[in-house]
Amino acid sequence: MKRQRLDALRQSQKQHSKNKEQQLQNFYLAYHADDKEAVWEVISRNRELITESIIWQQLLNEYFENLANNRADRADETLRALFYAGVVEQEKDGDSFVKELAIYYSGLPPLMRNKLAQAHNLLSEGNRHFINTDFVSASSKYTSAISGFQSLGNKWEAFISRYLQAYCEILKANNSVPIALEQLLMESKANGYLWFQAQVYNALGTCYTNITRTSEGIKNTTLSLDISEQINDHLGVQRNECELARQHLTVGATFASLNHLGRCMQSADRNWPGYRQMLRYYNTAGRVFLGMNNRYAAEAFSGAAFRLSKDEMQDRASIISTSLNLGDTYRKSGRNDEASRMYEISYKTAQAEPRIEVFRIREASAAAMLGNIYYDMKNYDRSVQYYTESIELHDELDSVVNRYDALKGRFLAHVAGGNDTQAHADLEEIRKSSESYRKYIREEGHRNTFFSMDQEFSDAAIDFLYSRKEVEKAFELSEATRARSLLDLIRSQARITSAGNSPEFILESVTEPVGIDYIQAKLPEKALILQYAVLKEKIIIWVISKNGINGTFH
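Scope of this entry: the structure provided in the associated data block. Residue positions are given per chain, counted from 1 along the sequence in the order it is written. Residue-level local features of this predicted model are given only where pLDDT is at least 70; pairs of side-chain atoms are given and counted only at 80 or more, and the full residue set underlies all totals for whole chains, interfaces and linings. Each side-chain value is derived from all of the structure's non-hydrogen atoms; neither hydrogens nor water enter the calculation.

### Looking at the overall build of the chain
Secondary structure elements are taken from DSSP: a helix is a run of H or I of four residues or more, a strand is a run of E of two residues or more, and numbering for both begins at the N terminus. In terms of helices and strands, the chain carries 27 helices and five strands. Among the 554 residues that make up the chain, the fraction classed as buried is 54%. Should any heavy atoms of two residues lie within 4.5 Å, those residues are counted as being in contact. Taking as baseline every contact in the chain between residues at least 6 positions apart, the subset at least 24 positions apart corresponds to 61%. Every accessible area reported is derived by Shrake-Rupley at a probe size of 1.4 Å, with residue values counting cover from the shown protein chains alone. For the chain, the exposed area adds up to about 24800 Å²; of that, 50% sits on carbon and sulfur atoms. Each residue's exposure class comes from its accessible area (1.4 Å probe, protein chains only) as a fraction of the maximum for that residue type: buried when under 20%, exposed when over 50%, partly exposed otherwise.

If you want it as structure tokens, here you go:
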């Protein structure tokens, strides 16, 4: 039933969709009729930069094509249409970006046109590399375009190129916030470029989430959403709702995630965003429903994404990500053969393009998933092999969050395989990584949810240490993983924010629980502390006295 509904949704969207040529034709019809409402509707329908669907990009592409073919009169008409689009946009939302760009082009000396065409072509070449997920090559083209536009005084397309170059840095697994984005945000605010502000806020939201600063990610994405709604940017609304769904899912807030996803899909039903964006929405939907343990819905959406990438888009990068997601769904259902087949598709497709960095990132993710599958099949040596490959790739790419997940998997495989020495080494690395994440997740609710998802691993680690007679270390690990947000609230200042749907505590710092030596030093001579941990299959009880610590289990 869900698959039938998805197919019906796709058919409905196709009926309402317009390719770029049709969008531009509709714009010209409205422009020649001096119908500003119709022009605004076309402008609002799809403002995607990468595919160059946004109307002002299409007009500039046509302008340079007319110049190249010695059609000066038609080139001038294109600029008049560009100015008209800018006037309409400024009247509707107060944004003067397109109007200023049109004025710049209208006053352009003929001798500058060839140089500007070169910069414009570099920008388009960068977009083509971006679509193919070759972000290194895309970044190089954007950098050259920036130089060309700036030398000619074209700050507007230089803005666009700078933004896209910074976005490439994010997608290349750069674990920092590009300074260029903060600078672009200040400049776009100073100039009143609302649409551009929304793009930068969205990029900042993605960036902060990718480096596990999800609280700041949600804040920036929400700001982008607010502006997108204000300026009637349908695609912007969808992208931000989808990103908020992903961000809330990251911290385990599945119902908030589902709420944002629903709004994204409703908007997409009214305004078809194109295959590229729809693939993203399907992928996110599959992840959200998988997080809610609704395996049937997860399989329907993930399967739709995989078929879209394989049959209609025929895009390798999309095949890699969608097969990975579908594999996760099959694994959750216990269909390990199907899951391993999808992971192998992802793994081998990614391996075929080692020169593209993002393919290596996805190869690392697929290797981790194959590690999971072989762990489920109790083939622990093979599991460790794939986990190690994933960890090494993430080390090369400096991708700390995904490396953390692979480390946890390898620890469990070492424990199950009886390799205590390597299990201890992995556990120490995991403990350090876990502590580093607390300072980035600042909302109390998000932090609690994130670490509650980690509880199954924590229980296994405590049991491992206790069963190896390391009673004190098991106790300290138990202390490190319990009630830490309450401890932070007690020991440090916290503030309340209402940026989201409900008030939330913001934890300004991270405090460390005291060690066993400190506890024993403060304990009266004849006093005892009784503490316990409820694990999956046992209860461990510690008895702490002035002179030592003992443990038992039931």
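### Thoughts on the pairing of strand 3 (residues 529–534)
Pairing between two strands requires that DSSP report at least two bridges joining them. Here strand 3 runs beside strand 4 (residues 539–545); their pairing, made up of six bridges, is antiparallel. The residue of strand 4 that forms the bridge with V534 is I539. Here strand 3 folds back onto strand 4 in antiparallel fashion, the turn holding four residues.

### Overview of helix 5 (residues 72–93)
Along its 22 residues, helix 5 runs 32 Å from first to last C-alpha, staying within 8% of the 32 Å computed at 1.5 Å per residue. Of the residues making up helix 5, those classed as buried are A75, T78, L79, A81, L82, Y84, A85, G86, V88, E89 and D93. Contact partners of the buried residues in helix 5: helix 2 (20–32), helix 3 (36–45), helix 4 (55–68), helix 6 (97–106) and helix 11 (194–210). Just downstream of helix 5, G94 is the residue with a positive phi angle, here 80°. Expected span of a helix: the number of residues minus one, times 1.5 Å.

### Quick look at the side chain of E470
Mapping E470 onto the fold places it in the loop between helix 24 (455–467) and helix 25 (471–480). In the analysis that follows, any N or O atom pair within 3.5 Å is treated as a polar contact, provided that within protein one partner can donate a hydrogen and the other can accept it, and provided that, for residues neighboring in sequence, both atoms belong to side chains. For E470, the side chain forms a polar contact with the side chain of H424, separated by 2.5 Å. When sequence neighbours within four positions are dropped, the list of residues in contact with E470 reads H424 and L465.

### Details of the nonpolar core
Within this scheme, the nonpolar core is defined by two criteria: the residues are buried Ala, Val, Leu, Ile, Met, Phe, Trp, Tyr or Cys, and they are joined through side-chain atoms within 4.5 Å. With 77 residues, the main nonpolar core has F27, W56, Y105, I160, Y163 and F196 as its most contacted residues. Residues contacting Y105, with those up to four places away along its chain left out, are L60, Y63, F64, L79, L116, H120, N154 and E157. Counting 43 residues, the second-largest nonpolar core is a separate cluster that includes Y330, A368, L407 and F475.

### Considering the packing of aromatic side chains
Ring pairs (aromatic) are described by centroid distance and by the angle formed between their planes. When the centres of two rings from Phe, Tyr and Trp lie within 6.5 Å, Trp using its six-membered ring, the rings pair. Their planes under 30 degrees apart give stacked, over 60 give edge-to-face, and anything left gives tilted. Per the counting criterion, the structure on display carries 26 aromatic pairs. An angle of 55° between the planes, with centres 5.9 Å apart, marks the rings of W56 and F97 as tilted. Taken together, the positions of W56 in helix 4 and F97 in helix 6 put the pair 41 residues apart, joining distant regions of the chain. Given a relative accessible area of 5%, W56 falls into the buried group. Among the aromatic side chains, those forming a connected cluster through ring pairs are W56, F97, F130, F135, F159, Y163, Y167, Y193 and F196.

### A few points about empty space enclosed by the protein
Put plainly, a pocket is an open set of points on a 1 Å grid over the protein atoms alone with protein on both sides within 12 Å along at least five of seven lines, a cavity is a set where a 1.4 Å probe fits but cannot get out, and a lining residue has an atom within 4 Å of a point. Grid points are joined across faces, edges and corners, and a volume is the space filled by probe spheres set on the points. Using the criterion set out here, one finds three cavities of 30 Å³ or more in the structure. Residue lining of the second largest cavity: I43, R47, I54, I55, W56, A85, E89, D95, F97, V98 and W195, and that is the complete set. Elements with a contribution of two residues or more to the lining of the second largest cavity: helix 4, helix 5 and helix 6. Residues are sorted three ways: Asp, Glu, Lys and Arg are charged, Ala, Val, Leu, Ile, Met, Phe, Trp, Tyr, Cys and Pro are nonpolar, and all the rest, Gly among them, are polar. Grouping the amino acids of the lining of the second largest cavity by side-chain chemistry returns eight nonpolar, no polar and three charged.

### Description of the packing of helix 13 (residues 234–250) against helix 15 (residues 275–291)
Any two packed helices are characterised by the angle at which their axes cross and by the distance between the axes. Fitted lines through C-alpha atoms serve as axes, helices being fitted only where they are in contact, and the angles separating the N-to-C directions of these axes extend from 0 to 180 degrees. Look at helix 13 against helix 15: their axes get within 10 Å of each other, and the N-to-C directions meet at 25°. One way to sum up the angle between helix 13 and helix 15 is to call them roughly parallel. For the pair helix 13 and helix 15, the crossing hand works out as left-handed. The segment helix 13 lies against helix 15, with L235, Q238, R239, C242, E243, A245, R246 and L249 engaging Q277, R280, Y281, T284, R287, V288 and G291. Taken together, the residues of the contact of helix 13 with helix 15 sort by class into six nonpolar, four polar and five charged. The cut-offs work like this: below 35 degrees is roughly parallel, past 145 is roughly antiparallel, 65 to 115 is roughly perpendicular, and the gaps in between are oblique. Crossings are sorted by hand: turned counterclockwise from the far helix by less than a right angle, the near helix makes the crossing left-handed, and turned clockwise it makes it right-handed.

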